[in-house]
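Chain residues, written in single-letter form:
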Amino acid sequence: MNIKSLSGSLCLSGGALAVLLALTACRNGSPASGSPAEAAKTYLTYAYEKNYEQFANTFVFSSDSIEAGRHEANVRAVKELLDEKGEEFYVSMDSVSQIRILSEKIDETGDRAEVTLETVCKGGLRDTTVHELVKREDGWKFYENK
């Protein structure tokens, strides 16, 4: 199963797919941080460390407010995807030499941010990914328009 059909089967779109694609970059911190860039870097590290439970909880979805329990169902879908198919995307922390913050742009309200991270692999491969984050009571979260 390829990434596009996999993402379609769980109705994942841009943000979650971008994070999952970033996990394939090398093939061949504190979540309460005040900085969206540091939060995104920490969350990406969760994925590289196969901490899928914690990683799945770093998302906020546009559909969360549609019905009670929607957020939990969305988080479960991300975790189940990674538990089942994570090896297809997975790059271990051992192959990553650095996760660099290239840019951080916070909007005028202070509630949304765009963060560009670069994953540098020990073999020299690099992946640059733009992440959208939203600010919540418990810190910055990846935003998924789903």
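Residue positions are given per chain, counting from 1 as you read along its sequence in written order. Owing to the predicted nature of the model, reporting of local features is limited to residues with pLDDT of at least 70; listing and counting of side-chain atom pairs is limited to 80 or more, with chain, interface and lining totals taken over all residues. Where side-chain values are given, they derive from all heavy atoms of the structure, hydrogens and water being excluded.

## Looking at the overall build of the chain
Helix and strand definitions here come from DSSP, where helices need a minimum of 4 consecutive H or I residues and strands a minimum of 2 consecutive E residues; each element is numbered from the N-terminal end. Summing up its helical and strand segments, the chain has 5 helices and 5 strands in all. Secondary structure of the chain in N-to-C order comes out as α-α-α-α-β-α-β-β-β-β. Three labels apply to residues, based on accessible area from a 1.4 Å probe with only protein chains included: buried if under 20% of the type maximum, exposed if over 50%, partly exposed otherwise in between. Expressed as a percentage of the 146 residues in the chain, the buried residues total 45%. We get accessible surface area from the Shrake-Rupley algorithm with a probe of 1.4 Å; when it comes to residues, only the shown protein chains can shield them. Counting only carbon and sulfur atoms, one obtains 46% of the accessible surface of the chain, whose full area is about 7400 Å².

## Structural notes on the sheet that holds strand β5 (residues 139-144)
A pair of strands is considered paired only if DSSP assigns at least 2 bridges between the two. Strand order in the open sheet formed by 5 strands is β1-β5-β4-β3-β2, and the pairing between neighbours is mixed. The sheet is open, and its two borders are formed by β1 (59-61) and β2 (96-106), each paired with just one other strand. Taking the axes of each pair of neighbouring strands and ignoring which way they run, one obtains an average angle of 40° across the sheet. Pairing of strand β3 (residues 112-121) with strand β4 (residues 126-136) involves 9 bridges; the strand directions are antiparallel. Among the inter-strand pairings, Ala113 is bridged to a residue of β4, identified as Leu133. The strands that helix α3 (residues 36-48) touches are β2, β3, β4 and β5; relative to β2, the one it contacts most, it runs at about 145°. Each axis is a line fitted through C-alpha atoms, taken for helices only over the stretch in contact, and angles between the N-to-C directions span 0 to 180 degrees. Contact definition: two residues touch when any of their heavy atoms are within 4.5 Å.

## Some details on the nonpolar core
Soluble globular proteins tend to bury their nonpolar side chains together. Residue types Ala, Val, Leu, Ile, Met, Phe, Trp, Tyr and Cys, when buried and joined through side-chain atoms within 4.5 Å, form a set referred to as a nonpolar core. Judged by nonpolar contacts, the single largest core of 24 residues is most densely connected at Phe55 and Phe142. Counting residues per element, the ones that place at least two in this core are α3, α4 (52-56), β1, α5 (70-89), β2, β3 and β5. A total of 8 residues in this core trace back to one element, the largest contributor, which is α3.

## A short note on the pattern of salt bridges
In the sections that follow, a salt bridge refers to a side-chain nitrogen of Lys or Arg positioned within 4 Å of a carboxyl oxygen of Asp or Glu. Throughout the structure, instances matching the rule amount to 6 salt bridges. Between Arg100 and Glu118 there is a salt bridge, with its nearest N and O atoms 2.9 Å apart. Residue Arg100 is located in strand β2, and its partner Glu118 is located in strand β3; the two are separated by 18 residues in the primary sequence. Owing to a relative accessible area of 34%, Arg100 belongs among the partly exposed residues under this scheme. For Glu118, a relative accessible area of 8% puts it in the buried group. In the salt-bridge network here, residues are joined through shared partners; they are Glu53, Lys79 and Asp83.

## Let's talk about the confidence of the model for the chain
The predicted coordinates ought not to be read in detail in places where the model reports low pLDDT. Per-residue confidence from the predictor is reported as pLDDT, which spans 0 to 100. Mean pLDDT over the chain stands at 76; residues scoring 70 or higher make up 72%. Mean pLDDT values for the elements of the chain range from 31 in helix α1 (residues 3-9) up to 93 in β3. Scored below 50 in pLDDT, residues 1-14 shows 24 contacts in the model against residues more than four places distant or in partner chains. Here residues 28-33 is a poorly scored stretch, pLDDT under 50, and it has 11 contacts once near neighbours within four places are set aside; other chains count.

## Focus: the pairing of β3
Most of β3 sits inside the fold, with 8 of its 10 residues counted as buried. Two elements, β2 and β3, share 9 bridges in a ladder whose sense is antiparallel. Residue pairing across strands places Gln98 opposite Val120, the latter belonging to β3. Adjacent in sequence and paired antiparallel, β2 and β3 are bridged by 5 residues, among which Gly110 carries a positive phi angle near 80°. The turn linking β3 back onto β4 is made up of 4 residues, and Gly124 within it adopts a positive phi angle of 100°.

## Here's the deal with unusual backbone geometry
The backbone of Lys50 sits at a positive phi, close to 60°, despite the residue not being glycine. Among the structural elements, Lys50 can be located in the loop between α3 and α4.

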